[in-house]
Amino acid sequence: MNLGVRWTLHGDGRTPAPGAVVRPDERLSWPRTAGLGAQHVVAMFGASFVAPVLMGLDPNLAIMMSGVATVIFLLATRGTVPSYLGCSLSFVGVAAAIRASGGTSATVTGAVLVVGLVLFLAGLAVRRFGARIIHAAMPPIVTGAVVMLIGFNLAPVTAATYWPQDQWTALLVMLFTGLAVVCLRGFWSRIAIFLGLIFGYAVSWVFDLVFGKIHSMSPSGQVTDHWRLDLSGVATADWIGLPSFHGPSFEWSAILVALPVVIALIAENAGHVKAVGEMTGDPLDDKLGTAIAADGAASMLSTAVGGPPNTTYSENIGVMAATRVYSTAAYWAAAGFALLFGLCPKFGAVVAAIPGGVLGGITVILYGMIGLLGAQIWINAEVDLRNPLNLVPAAAGIIIGVGGVKLTFTDTFELGGIALGTLVVITGYHVLRAFAPAHMKEQEPLLDSGTSSYESGADEEPATER
């Protein structure tokens, strides 16, 4: 049985020849492979650090489970889709909404576990019936609108929670991170968020030395005098130890808020598989169903023990593009490093000490970028917003999702924000399409260019595969 864990040595194992690439089933020498694995871990650090902190979950457990999730993904795809699975930022808004309504960490992970289950079932459906079922339910206008409202729904979190803790640090971090994203090249631009975190730590430390304590809202929400950078927890943390585990709790209201993120995850996986296929030169369209199912299974396992959900990381695609090394052996090495980091509580304490002002500066950019990915989906698919069939449901759903509009059914059940906005976009589009005149129903582009070659029998194993 081929599990994709055997690699042939590429050339002399040192440096690829000019113009050559290291294929997924090849590797460089083990020391170089380990170095590439460490580079992949650094590339995913920024988002994988920030996401669990913003969701109120243990960053140590998040990093450790990202390693486990990557192993599951590599085994499921049999080493044909080089990818790292890190903590998904798509769920940050969901976690904020659930906590705002009184939910706990267990409520958050329980809701997200159900999302992982739905994603897993969607992957199986794509394997069986092909991606046309995705296109039928979620054309680009729907997918883009949902991704957009998920991202922009986070704006109040930055404005009300993080930015007020230290507005000047937040401003400086925002400017530095923006410059890093735009001005740096190659690998360094891929870790711009990580560099922004380091810069923010340094600024907070300097401001504490020069200006002393700041009188502002603390992480607990109280306005007090406090240090911007509090590393007291780092000194008392152990070097080696297990992260904090907890079981999930299931509440329908939280589950309904989280379910729309399935759409964003399917779109992320589709784009990732296409991008990797283009870089490696291998047609990977038949692996989309497997990739989606593996992502769902990994997220279920992570949330079952109290960790965050996972998704394929575009930051690591950038590393592969820069190095032209697509070896899955490097991702196995990255998974190993992540497991080791997860077993170091002192490392988690450093992450947990990120000052609120630093998060404010980073999330201004990060949340906006998440929202604008929805616009990118529209652009790539050439969605015509002059068509009322596209414009009306997207406009209504986005305003509902971003503005926090609510429908109250009983004293204990209501729909609002992300959940209601997504429901309006999906049902609104299909209901309006049923009654729209023929000239508005022109053929829509597929969900993502990464699935354009799908046929109904997609994801069957090639007869020549080992």
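Residues numbered from 1 in each chain as written. Predicted model: local features only at pLDDT ≥ 70, side-chain atom pairs only at ≥ 80, totals over all residues. Heavy atoms only, no water.

A.B. asks: Quick one: what's the story with the overall build of the chain, residue by residue and with numbers?
C.D. replies: Each helix and strand in the chain was counted, giving 20 helices and eight strands. Going through the 466 residues of the chain one by one, you find that 54% of them count as buried. Taking the intrachain contacts of the chain between residues at least 6 apart in sequence as the baseline, contacts between residues at least 24 apart amount to 79%. Surface summary for the chain: the accessible area is close to 19,900 Å², and the carbon and sulfur share equals 66%. (Helix = DSSP H or I, 4+ residues; strand = E, 2+ residues; numbered from the N terminus. Buried < 20%, exposed > 50% of the residue type's maximum accessible area, 1.4 Å probe, protein only. Contact = heavy atoms within 4.5 Å. Areas by Shrake-Rupley, 256 points an atom, 1.4 Å probe, with all protein chains shown as cover.)

A.B. asks: Explain the environment of His-246 residue by residue, including any values.
C.D. replies: Mapped onto the secondary structure, His-246 falls in the loop between α11 (232–236) and α12 (252–258). Spatially, the C-alpha atoms of His-246 and Ala-106 are 6.9 Å apart, while their sequence positions differ by 140 residues. Within the local environment of His-246, its side chain forms a polar contact with the side chain of Thr-109, the two groups lying 3.3 Å apart. (Polar contact = N/O pair within 3.5 Å; in protein donor to acceptor, adjacent residues only side chain to side chain.)

A.B. asks: I'd like a rundown of the side chain of Thr-311, residues and numbers included.
C.D. replies: Take Thr-311: it is sitting in strand β6 (residues 310–312). Among residues more than four places away in sequence, those in contact with Thr-311 are Tyr-84, Leu-85, Gly-86, Ser-88, Leu-265, Glu-268, Asn-269 and Asp-295.

A.B. asks: Any chance you could break down the pattern of salt bridges for me, citing the residues and the numbers?
C.D. replies: This structure, assessed with the given rule, holds three salt bridges. Across the pair Asp-166 and Arg-228 runs a salt bridge whose closest N-O atoms are separated by 3.2 Å. You can see Asp-166 sitting in the loop between α7 (155–162) and α8 (167–183) and its partner Arg-228 sitting in the loop between β5 (223–226) and α11, a full 62 residues away along the chain. In this structure, the salt-bridge partner of Arg-228 is Asp-208, at a minimum N-O distance of 3.1 Å. Here Asp-208 lies in helix α10 (residues 192–211) and Arg-228 lies in the loop between β5 and α11, a separation of 20 residues in the sequence. Salt bridges sharing common partners tie together Asp-166, Asp-208 and Arg-228. (Salt bridge = Lys/Arg side-chain N within 4 Å of Asp/Glu carboxyl O.)

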